[in-house]
4 protein chains.
Amino acid sequence: MTLRIGVIGTGGMGQHHIKNIQSVIPGAEVTAVSDTNEEVARQVASSCAAQYIADPYELIASDNVDAVIIASWDPTHEGFCIAAIHAGKYVFCEKPLSDTPEGCIRIMEAEQKAEKRLLQVGFMRRYDKDYRELRKVIQAGRIGIPLVVHAQHRNLAPAGSAKITSDMSATNALVHEFDITRYLIGDEDTYISAQLVAPRSSRFCGEDLIDPQLVYLETRNGVRVELEIYWYCRYGYDIRCEVVGDLGTASLPSPSHTVVRCEGQQAFQIVPTWQERFHDAYVTELREWIASVQEENIIGPSAWDGYISSKVAEACRQSRLTGKIVPIELIECPEFYHNI
Amino acid sequence: MTLRIGVIGTGGMGQHHIKNIQSVIPGAEVTAVSDTNEEVARQVASSCAAQYIADPYELIASDNVDAVIIASWDPTHEGFCIAAIHAGKYVFCEKPLSDTPEGCIRIMEAEQKAEKRLLQVGFMRRYDKDYRELRKVIQAGRIGIPLVVHAQHRNLAPAGSAKITSDMSATNALVHEFDITRYLIGDEDTYISAQLVAPRSSRFCGEDLIDPQLVYLETRNGVRVELEIYWYCRYGYDIRCEVVGDLGTASLPSPSHTVVRCEGQQAFQIVPTWQERFHDAYVTELREWIASVQEENIIGPSAWDGYISSKVAEACRQSRLTGKIVPIELIECPEFYHNI
Amino acid sequence: MTLRIGVIGTGGMGQHHIKNIQSVIPGAEVTAVSDTNEEVARQVASSCAAQYIADPYELIASDNVDAVIIASWDPTHEGFCIAAIHAGKYVFCEKPLSDTPEGCIRIMEAEQKAEKRLLQVGFMRRYDKDYRELRKVIQAGRIGIPLVVHAQHRNLAPAGSAKITSDMSATNALVHEFDITRYLIGDEDTYISAQLVAPRSSRFCGEDLIDPQLVYLETRNGVRVELEIYWYCRYGYDIRCEVVGDLGTASLPSPSHTVVRCEGQQAFQIVPTWQERFHDAYVTELREWIASVQEENIIGPSAWDGYISSKVAEACRQSRLTGKIVPIELIECPEFYHNI
Amino acid sequence: MTLRIGVIGTGGMGQHHIKNIQSVIPGAEVTAVSDTNEEVARQVASSCAAQYIADPYELIASDNVDAVIIASWDPTHEGFCIAAIHAGKYVFCEKPLSDTPEGCIRIMEAEQKAEKRLLQVGFMRRYDKDYRELRKVIQAGRIGIPLVVHAQHRNLAPAGSAKITSDMSATNALVHEFDITRYLIGDEDTYISAQLVAPRSSRFCGEDLIDPQLVYLETRNGVRVELEIYWYCRYGYDIRCEVVGDLGTASLPSPSHTVVRCEGQQAFQIVPTWQERFHDAYVTELREWIASVQEENIIGPSAWDGYISSKVAEACRQSRLTGKIVPIELIECPEFYHNI
């Protein structure tokens, strides 16, 4: 049976998912879309022969929709997620799950009440072949027990891109690292403190933005995580990660591109955007989500994962304001989310 | 409209294509299969809800089949291709197009008589992202005019694999290099001579096989192509290529895998089989072929490309027997195949 | 004129220097040695046809000695350096210059009184070809203004090596990074705070040692420096460094060794010890020092450089004990040490 | 005792050696120089406090000269070598040993008559750390029995450099590969045929030069050697080599230089000249030669090695003229040269 999907939010991310469903993912179709920007939403709807539904809650409730993808404005996630859960529909929510930890808790409460895992968060890096291979190497014990993680998250933000704020460094970018690090070193490990420090800022990021930023996390098991986020690195979209264990280290490979030797140097291009770097991960993410919905057995990143990343982002914001190391106090993990 | 595909040959390659159509390629379904091994064919048919048709010619003629994939025993390709063309059906034929250049010529004659491009040959490397990027770099003029190509084709054949013969080094393995080299340096360039030399043989390839082998080609434009084929390289499936131009050189990147530092070294795994190395290329190949069939505009590797590779393979066989440099005399390229 | 050198301390480091002077550095000879271990010292003396002098102060004063190399026990450095300066002799002192910042200050006072630069500290990385090239790239403006430095210092300490203490991570190992970072980002920049954090410790470093350790430094210019020291990394001696600027980043290259493809992987060996990694740097260091002594124009790392690294090491020790970010308050740089 | 060296030929190569002896090689001094260009020779002589001797044969005979370095015009090598041998003096002769194989034979005859190894040929790659490491890996059996060698020799010849002729590709450049390949796969193996083919020529090498060129060698043991020589590669001085065995392959590492990420790519510089690439090899070569002279036990590349490379160069020239595979028929290796 073809899965009928309703998409809320037809901006960049929503369109990306819709295009993937149409072109490279069998077994699903987009049947309804909704967005506050009606014009764009109608255009997208017609491009994929879907229905335009003005009210997202109506879309969620529609008989024409088996499962929901949420790619709308961050603060709206919570309401849509809870509505979908109440409707008993599977829901895929883009990160962040909610813009506050409390929102995440309310979503978890709704899901527990439904007594069934219905929600998956869009941490697509868990579907990237490089991260999956890195995790396999770690889980196979090749590097022993993880002790330290070094990671860099660099973007090629267009000069003077007005939309990026200093808080977004943690909430929108490093949120991926907060999640994928646990995926690498063991989902059961969680964070106990966060520290954000600001180096000298780039001359090219605009006066209001602090860029780059460095974040240091500590986990219950004592793993220390060093993260760099750099929107205006100016050379490309570059994601790096090394996990240091007590038997050795394992790293993401360098990006793999044509090696050119000319004009005195040996070089390869670095891709400019996440669309190129993580294209396959987004496809695999949706494909596996759709398969798991059809098997009624969701196994991707959960609301608990979304909650943890949200808490870390909040701690980072506080650390930036106070200059202090901020403790992270999570609620106890509900039994519902054990071993998932 | 969903494209209904009939598959002739349900061995490894046929099953690979069928699985891809089912799992990752929207817009097509396998509706009929045929194979001399009825048991396997029936199993495959039931796995994809397709019809089993004993007689491949009946499959080609079936109203239930819009297009045909041929993945059967090499000597049968010619007959099935010509039958499909006569039936006016699009046909995707695994390499080699035919086991003789004459067979390729007869296929081209049938296609010209049909006055429509119906056939594509399964040179999947043209769909590999690394080769595509390499070609783009060359076409952009970064390395100037191509002068020399160095390429290695290494396999991890299981010890004592009885099936590999010395002729297969050119006909089954290097045939990919014969085609992809033209794709890289310009399809309009063709080969004028071939030389095959046999180094000291590996201790692990069995007495009947000469392995590795080296092949040297010369093109009309004077490009020299140095190829190594090595079935029993014993470390992995490894495909390398460097194109040397008069402004610089461009190479395929090293395979991209988790970098592990432990036990005194820095290392990454090399994949063992072509299934891993070219998985995405096979998917893209079929996806683009299906799209082009639906648009009735075949643009993939043509019968002319199949013919050239077949001629080179034949020249290699002669060179191995005579120890000489063997001239390659192609028929004139039919106008039908110009600019395609 | 051949430079006559007296060496105080004939342990590993002293012998290393003596061997280099004999075998690969023209223009100098070792004429006298001294060590508390008389037996070893006499052996070394006879191997290089030098005089054994029991009292190091006598060695410093000897007419047979033009310049002094100090490679003795850390706490003895200060006394020997000051004695050499008083004697008006050029002195090369292994790092650390002194085991306390106050000792470094006293040495600087002696040198200023001598009104002549007589002392060089053994920060040999400034003579390593990779660091020199990295610095040149930065100074040429290729990566813009430095903002962040990431560096790893990994050793292959023999299991259960009893001598390493948690303080030595900063004082004996990272002291190199404290110095070389300024060399890379600009000697005029100095540190204003240090923080040391302890991740989960390796199972292989012994109970008394905290290993690995992470150190975070901040400079007056706002550059943030992230350092990892890991004695028991267990895979080799591995020194890595990336400087992040606002136009790009620059890194030390990977170590360069024979690339072997076999048994399913592509790998290269990592050297086990600093002797291999920095062999050439030690030779160049002594060669350039000897040349500068002969030209009476010392330009290598100064007592001021030694003082800064000593202050940072002290701050790290405090940070480890208190868990706090420790401010670093340097004395004002004496005019004597400006522009040298 | 300091070794007193006389240098015949004070062009680029001679000056390079003289500078190394002065600055980085203890235990030797240049006491006499000779050159047909008296002005340059006198300048060089005064720079190193050596005597200028107009007649090279007088230099060879001089009591002031213990050993001779020959870096003069290729056709003069034979005469000077034989004179030095007759004088019973150790002689280091730059490659090629002679410009004809017959010249090499006459030199060997003179040396055998002297009943003592007196001569070493300047194949400095045997002293390069990368080649030495590569050889060690092969000799340790890591890649099994060598079957194929792929090597590239690329130069950054200045545009329109009038001096390079098509013959020099083999005689002056690939001569290094002829020798180093035997060093890698086993000195006891020798060549039985050579073939030279000319690809399309670069637009930048001038009309009289064929560039690049490809050379294929076969050894008695059946190893096939594929060489590329390319004077006008236009991107740097780049020497590459991969040895393919029946257990795996081993390669020279990529050059090791600062990795820069900026302007959309990751890159490192490639050195422009052999002076940078092989600087250390030249130093080690002379240092080890001088040590072996002092121990009266020459172990470097012998006249037999020089003869083999000369024969291969001659076969390449013939192959270029005839377009044929040219057999190489060596004289039997004199017992004098066994096991040296």
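Everything numeric in this text was worked out from a predicted model, so none of it was measured.

1. Overview of the overall build of chain A
- Within chain A one finds 10 helices and 15 strands.
- Taking 340 residues into account, the globule formula puts the C-alpha radius of gyration at 20 Å, and chain A, at 20 Å, falls close to it.
- Expressed as lengths along the three principal axes of its C-alpha atoms, the size of chain A is roughly 55 × 50 × 40 Å.
- A burial count over chain A gives 63% of its 340 residues as buried.
- Summed over its atoms, the accessible surface of chain A is roughly 12800 Å², and 49% of this surface lies on carbon and sulfur atoms.
- Taken as two groups, the 32 positive and 46 negative side-chain charges of chain A have centres that lie 5 Å from each other.

2. Some thoughts on the interface of chain D and chain B
- In this complex, chain D contributes 38 residues to the contact, which on the side of chain B involves 38 residues.
- Here chain D and chain B share an interface that buries about 3100 Å² over both sides, 54% of which is from carbon and sulfur atoms.
- Across the contact surface, chain D and chain B share four salt bridges.
- Linking R154 of chain B and E242 of chain D is a salt bridge whose minimum nitrogen-to-oxygen distance equals 3.0 Å.
- Inspection of the region where chain D meets chain B yields 13 residue pairs in polar contact (both at pLDDT 80 or more).
- The element that contributes the greatest number of residues to the side of chain D that touches chain B is strand 7 (residues 146-154) of chain D, accounting for six residues.
- For the side of chain D that touches chain B, the residue count by class is 18 nonpolar, 11 polar and nine charged.

3. Quick notes on the relation of the copies chain D and chain B
- Rotating chain D by 180° about the axis while translating it 0.0 Å along that axis superimposes it on chain B, leaving an RMSD of 0.0 Å. When the rotation and shift are considered jointly, the pair of chain copies conforms to a two-fold rotation axis.
- Comparing contact sets, 100% of the residues at the interface of chain D also lie at the interface in chain B, consistent with an isologous, same-surface contact.

4. Examining helix 1 (residues 12-24) of chain D
- Compared with the 18 Å implied by 1.5 Å per residue over 13 residues, the 18 Å span of helix 1 of chain D between its first and last C-alpha is a close match.
- Every buried residue of helix 1 of chain D is accounted for by M13, G14, H16, H17, I18, N20, I21 and V24 of chain D.

5. Brief notes about the relation of the copies chain C and chain A
- Under the fitted operation, chain C is carried onto chain A by 0.0 Å of movement along the axis and a turn of 180°, and the coordinates agree to an RMSD of 0.0 Å.
- A symmetric contact is evident, with 100% of the interface residues of chain C recurring at the interface of chain A.

6. Here's the deal with the pairing of strand 12 (residues 248-251) of chain A
- Burial along strand 12 of chain A is two-sided: the residues G248 and A250 of chain A and T249 and S251 of chain A are all buried.
- One ladder, built from three bridges, connects strand 11 (residues 238-245) of chain A with strand 12 of chain A; its direction is antiparallel. Opposite V243 of chain A, over in strand 12 of chain A, you have A250 of chain A as the bridge partner.
- In this antiparallel pair of consecutive strands, strand 11 of chain A and strand 12 of chain A, the connection spans two residues.
- By the bridge criterion, four bridges tie strand 12 of chain A to strand 13 (residues 259-262) of chain B in an arrangement that is antiparallel. Across the sheet, S251 of chain A pairs through a bridge with V259 of chain B, a residue of strand 13 of chain B.

7. Considering the pattern of salt bridges
- Considering all chains together, one arrives at 93 salt bridges over all chains under this definition.
- Close ionic contact of E228 of chain A with R154 of chain A constitutes a salt bridge, the shortest N to O distance being 2.7 Å. One end of the pair, E228 of chain A, is in strand 10 (residues 224-230); the other, R154 of chain A, is in strand 7 (residues 146-154), with 74 residues separating them in the sequence. Across the pair, R154 of chain A and E228 of chain A agree in class, each one buried.
- A salt bridge links K129 of chain B to D130 of chain B; the shortest N-O distance between them is 3.1 Å.
- For D130 of chain B, a relative accessible area of 11% corresponds to the buried category.
- Among the ionic contacts, a cluster of salt bridges with common partners joins R126, R135, D179, R182, D187 and D305 of chain A.

8. Quick notes on the interface of chain C and chain A
- Counting residues at the interface gives 38 residues for chain C, matched by 39 residues for chain A.
- Carbon and sulfur atoms supply 53% of the area buried between chain C and chain A, which totals about 3100 Å² over both sides.
- Residue D246 of chain C pairs with R203 of chain A through a salt bridge whose shortest N-O separation is 2.7 Å.
- Along the contact surface separating chain C from chain A lie 13 residue pairs in polar contact (both at pLDDT 80 or more).
- Among the secondary structure elements, those contributing two or more residues to the side of chain C that touches chain A are strand 7 (146-154), strand 8 (191-197), strand 9 (213-219), strand 10 (224-230), strand 11 (238-245) and strand 12 (248-251) of chain C.

9. Observations concerning the sheet that holds strand 1 (residues 3-8) of chain B
Residue and element names in this part refer to chain B.
- Taken in spatial order, the six strands line up as 3-2-1-4-5-6 in an open sheet, and their pairing is parallel. Single-partner strands in this sheet number two, and they are strand 3 (51-52) and strand 6 (119-121).
- Pairing of strand 4 (residues 67-70) with strand 5 (residues 90-93) involves four bridges; the strand directions are parallel. Following the sheet pairing, I70 is matched in strand 5 by C93.

10. Thoughts on the environment of F278 of chain C
Residue and element names in this part refer to chain C.
- Mapped onto the secondary structure, F278 falls in the loop between helix 8 (274-277) and helix 9 (279-294).
- C-alpha of F278 to C-alpha of R125: the two residues are 153 residues apart in sequence and 7.5 Å apart in space.
- Contact partners of F278, with chain neighbours within four places excluded, come to M124, R125, D128, Y131, Y237 and I239.

11. Topic: the confidence of the model for chain A
- Chain-level pLDDT for chain A is 96 on average; 99% of the residues reach the 70-or-more range.
- Interface scoring of the predicted complex returns ipTM 0.95; its pTM is 0.96.

12. Structural notes on the packing of aromatic side chains
- Summed over the entire model, instances satisfying the criterion amount to 26 aromatic pairs over all chains.
- Ring plane angle 65° and centroid distance 5.3 Å describe the contact between Y57 of chain D and F80 of chain D, whose orientation is recorded as edge-to-face. Residue Y57 of chain D is located in helix 3 (residues 56-61), and its partner F80 of chain D is located in helix 4 (residues 77-86); the two are separated by 23 residues in the primary sequence.
- One cation-aromatic arrangement involves R277 of chain A over F278 of chain A; the distance from NZ or CZ to the ring centre is 4.3 Å.
- The ring centre of Y183 of chain B lies 4.2 Å from the NZ or CZ of R135 of chain B, which sits over that ring.

13. Concerning the sheet that holds strand 3 (residues 51-52) of chain A
All names here are of chain A.
- Spatial strand order, 3-2-1-4-5-6: six strands in an open sheet with parallel pairing. The strands lining the two open edges of the sheet, one partner per strand, are strand 3 and strand 6 (119-121).
- Running over the sheet, helix 1 (residues 12-24) touches strand 1 (3-8), strand 2 (28-34), strand 4 (67-70) and strand 5 (90-93) and is turned about 150° from strand 2.
- Its contacts with the sheet put helix 4 (residues 77-86) on strand 1, strand 4, strand 5 and strand 6, and the angle it makes with strand 5 is roughly 165°.

14. Considerations on the state of the cysteines
- Taken as a whole, this structure holds zero disulfides over all chains when the rule is applied.
- Between C262 of chain A, a cysteine without a disulfide, and C233 of chain D, which holds the nearest cysteine sulfur, the sulfur-to-sulfur distance is 10 Å.
- For C262 of chain A, a relative accessible area of 7% gives the class buried.
- A disulfide-free cysteine, C81 of chain B has its sulfur positioned 3.6 Å from the sulfur of C93 of chain B, the nearest such atom.

15. Examining the packing of helix 6 (residues 129-139) of chain D against helix 7 (residues 168-185) of chain D
- Between helix 6 of chain D and helix 7 of chain D, whose axes approach to 8 Å, the crossing angle comes to 35°. Facing helix 6 of chain D, whose interface residues are Y131, R132, L134, R135 and I138 of chain D, helix 7 of chain D presents I180, Y183 and L184 of chain D.

16. Observations regarding the environment of S319 of chain D
Residues and elements named next belong to chain D.
- For S319, the location among the structural elements is in helix 10 (residues 303-322).
- Linking S319 and S193, residues 126 residues apart in sequence, is a C-alpha distance of 9.8 Å.
- Setting aside residues up to four positions removed in sequence, S319 forms contacts with A194, Q195, L196, K324 and V326.

Calculation rules
- Residues numbered from 1 in each chain as written.
- Chains lettered and ligands numbered in written order.
- Predicted model: local features only at pLDDT ≥ 70, side-chain atom pairs only at ≥ 80, totals over all residues.
- Heavy atoms only, no water.
- Helix = DSSP H or I, 4+ residues; strand = E, 2+ residues; numbered from the N terminus.
- Rg over C-alpha atoms; globule rule 2.2 N^0.38 Å.
- Buried < 20%, exposed > 50% of the residue type's maximum accessible area, 1.4 Å probe, protein only.
- Areas by Shrake-Rupley, 256 points an atom, 1.4 Å probe, with all protein chains shown as cover.
- Lys, Arg positive; Asp, Glu negative; His and termini not counted.
- Charge placed at Lys NZ, Arg CZ, Asp CG, Glu CD.
- Contact = heavy atoms within 4.5 Å.
- Buried area = accessible area lost by both parts, 1.4 Å probe.
- Salt bridge = Lys/Arg side-chain N within 4 Å of Asp/Glu carboxyl O.
- Polar contact = N/O pair within 3.5 Å; in protein donor to acceptor, adjacent residues only side chain to side chain.
- Nonpolar A, V, L, I, M, F, W, Y, C, P; charged D, E, K, R; others polar.
- Least-squares fit on C-alpha atoms with pLDDT ≥ 70 in both.
- Expected span 1.5 Å × (residues − 1).
- Pairing = 2+ DSSP bridges.
- pLDDT = per-residue confidence, 0-100.
- Phe/Tyr/Trp six-rings, centres within 6.5 Å; stacked < 30°, edge-to-face > 60°.
- Lys NZ or Arg CZ within 6 Å of the ring centre and 35° of its normal.
- Axes fitted to C-alpha atoms, helices over the stretch in contact; angles between N-to-C directions.
- Disulfide = S-S within 2.5 Å.

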